[in-house]
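Structure assessment
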Amino acid sequence: MINKVEFNGFKYIDGGVCAAQGFKANGIYCGIKKHGIPDGNESSVTENKKDLGVIVSDVMCNAAAVYTQNKVKGAPIAVTKKNIEDGRAQAVIVNSANANTCNADGVEKAEKMCCLAAEELGLEPSDLIVASTGVIGQILPIEPIEKGMHELCSNASYKGNAAAVEAIMTTDTMPKEVAVEFILDGKKCVMGAMLKGSGMIHPNMATTLSFITTDAAVAPEYLQRALSDTVKTTLNMASVDGDTSTNDMCCIMANGLSGNKEIKCEDADFESFKNALYVIMMNLARMMARDGEGATKLIECVCKGANDVKTAQTVAKSVITSSLFKAAVFGEDANWGRILCAVGYADAEFDIEYVDVDLSSAAGKIAVCRNGAGVPFSEEEAKKILEEEEICVIISIGNGECTAIAWGCDLTYDYVKINGDYRS
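Summary of the structure given here. (Residues numbered from 1 in each chain as written. Predicted model: local features only at pLDDT ≥ 70, side-chain atom pairs only at ≥ 80, totals over all residues. Heavy atoms only, no water.)

Within the protein chain, the secondary structure is distributed over 12 helices and 15 strands. Its C-alpha atoms give the protein chain a radius of gyration of 22 Å, within 12% of the compact-globule value 22 Å for 424 residues. Overall, the C-alpha framework of the protein chain stretches about 65 × 55 × 35 Å when taken along its three principal axes. The burial tally for the protein chain puts 57% of its 424 residues in the buried class. Looking at the protein chain alone, contacts between residues at least 24 apart form 81% of all its contacts between residues at least 6 apart. In the protein chain, 39 positive and 58 negative side-chain charges are present, and the distance between their average locations comes to 1 Å. (Helix = DSSP H or I, 4+ residues; strand = E, 2+ residues; numbered from the N terminus. Rg over C-alpha atoms; globule rule 2.2 N^0.38 Å. Buried < 20%, exposed > 50% of the residue type's maximum accessible area, 1.4 Å probe, protein only. Contact = heavy atoms within 4.5 Å. Lys, Arg positive; Asp, Glu negative; His and termini not counted. Charge placed at Lys NZ, Arg CZ, Asp CG, Glu CD.)

Negative charge collects at one region of the surface, where Glu-119, Glu-120, Glu-143 and Glu-146 lie side by side. Those elements giving two or more residues to the negative patch turn out to be α3 (106-121) and α4 (142-154). Its place among the elements puts Glu-143 in helix α4. Residue classification places Glu-143 among the exposed positions, given a relative accessible area of 52%. (Patch = residues over 30% accessible without salt bridge, like charges linked within 9 Å, V, L, I, M, F, W, Y side chains within 5 Å. Areas by Shrake-Rupley, 256 points an atom, 1.4 Å probe, with all protein chains shown as cover. Salt bridge = Lys/Arg side-chain N within 4 Å of Asp/Glu carboxyl O.)

Taken across its 6 residues, strand β2 (residues 23-28) has 5 buried, putting it largely inside the fold. Taken together, the 6 bridges between β2 and strand β3 (residues 52-67) define a ladder with antiparallel strand orientation. Opposite Phe-23, over in β3, you have Ser-57 as the bridge partner. (Pairing = 2+ DSSP bridges.)

As a further point, take empty space enclosed by the protein. Counted by the stated rule, this structure contains 1 cavity of 30 Å³ or more. What the largest cavity holds in volume is close to 40 Å³. Around the largest cavity sit Phe-325, Val-329, Asp-333, Ala-334, Asn-335, Trp-336, Ile-339, Leu-359, Leu-386, Ile-391 and Val-393, which together line it. Mapped onto the lining of the largest cavity, the elements with two or more residues apiece are α9 (323-330), α10 (336-344) and β14 (390-396). (1 Å grid on protein atoms, 1.4 Å probe; cavity = no way out; pocket = protein on both sides within 12 Å on 5 of 7 lines; lining within 4 Å. Points joined across faces, edges and corners; volume = space filled by probe spheres on them.)

Another aspect to go through is α4. Spanning 13 residues, α4 covers 19 Å between terminal C-alpha atoms, matching the ideal 18 Å at 1.5 Å per step. At Gly-148, α4 shows its maximal kink, close to 45 degrees. Those residues of α4 not exposed but buried are Ile-142, Pro-144, Ile-145, Gly-148, Met-149, Leu-152 and Cys-153. (Expected span 1.5 Å × (residues − 1). Bend = angle between axes of the 7 residues up to and from the residue.)

Glancing now at the packing of aromatic side chains. Within the structure shown, the criterion is met by 4 aromatic pairs. Both rings, one in Phe-7 and one in Tyr-278, keep their centres 6.1 Å apart while their planes meet at 90 degrees; by these two values the pair is edge-to-face. You can see Phe-7 sitting in the segment before β1 (11-12) and its partner Tyr-278 sitting in helix α7 (residues 268-290), a full 271 residues away along the chain. For Phe-7, a relative accessible area of 28% puts it in the partly exposed group. According to the relative accessible area criterion, Tyr-278 is partly exposed, its value standing at 25%. Residues Phe-330 and Tyr-413 carry aromatic rings whose centres are separated by 5.3 Å and whose planes lie at 90 degrees to one another, so their mutual orientation is edge-to-face. (Phe/Tyr/Trp six-rings, centres within 6.5 Å; stacked < 30°, edge-to-face > 60°.)

Let us look at unusual backbone geometry. Positioned with a positive phi, Asp-185 is a non-glycine residue whose angle comes to about 55 degrees. Tracing the backbone through its elements, the reader meets Asp-185 in the loop between β6 (176-184) and β7 (187-196). Judged by relative accessible area, Asp-185 falls into the partly exposed class, the value being 38%. For Glu-332, which is not glycine, the phi torsion reads 55 degrees and is therefore positive. Inspection of the secondary structure puts Glu-332 in the loop between α9 and α10.

What follows is the structure, given as structure tokens:
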């Protein structure tokens, strides 16, 4: 499991999406996976693997979201966009095992999910955020969802975060959740989140399914502004395989129960709130990259010395998305030429003669390139560095003041195995 990155002023706590005041959650197995198998081969189904989840606030929340930029979009995105046009939501209903994408009845099914959950929760269907993840192009069976909705909603609890996380996992091998305490307006506030994502992940808006809850009071406009800004330096800087999903969504609900004065302008409290959001989303991005399909290592690339942020981001992402470099990390081979190659084809302007590269991990740090050329180094020492679970590539491209960080993973045999029989 990847270690959380520590930040002054923020205390990590347990509870995920239920850590903030007034949020309940739950997850159950309702049978979507079983019903969705094309050939009817139920022997491959893992019984009781949760596939339907809910998050609900005790009170109405301000809400915001960002979505995939893929031209093919899952039906739940269209329904969620419509439902939170007014900047309000009170619950999330989400399923795994079926993406509800590229189906003629997709919007109808997504709306039906909202209606079923709203009836059980005593809400209006328009109060719901709806999301789906899983296989694309298969009809979403509504019958198991309808059958399981009462159990799901009636058993939602303030300690239901673990069940909800399990319900959104597909090829994920580990649950991904985080929560922090911080101060706004002299009041203790809490923000928590859960995420699913292991494959079909590439930097292009939202990247995966992420659900964030907070008891801070933030006006919808500034909630959206904070989320849209922060996703650019966190989830949009993570990549597993170069494929952008059709169902990517990152949403946040703020119920204001902490009692802070509502944030309605870009003041010091707004910056503190954004910092909390960064802590949450950056840690989720790292967890997601480490749990890339078949991955054994997290790759973090820090690009510094750039004249502007965009250049630093472009270079960092170019390195962590290089299939050749990702394969070298899996083989624990310090093939720094592959790093420089990826730096060189990045769509950015800088002088390659000023590029330095270091490799770093818990086992140490080693210089492999200076001024665009290789330098002598110990292959044995480099291999020890690359044997660690977290690998950092540090690239300097000049004397500029801008830095960016991107996260990826190694490319392994298991990635091909997983995606070679994804539907079975």
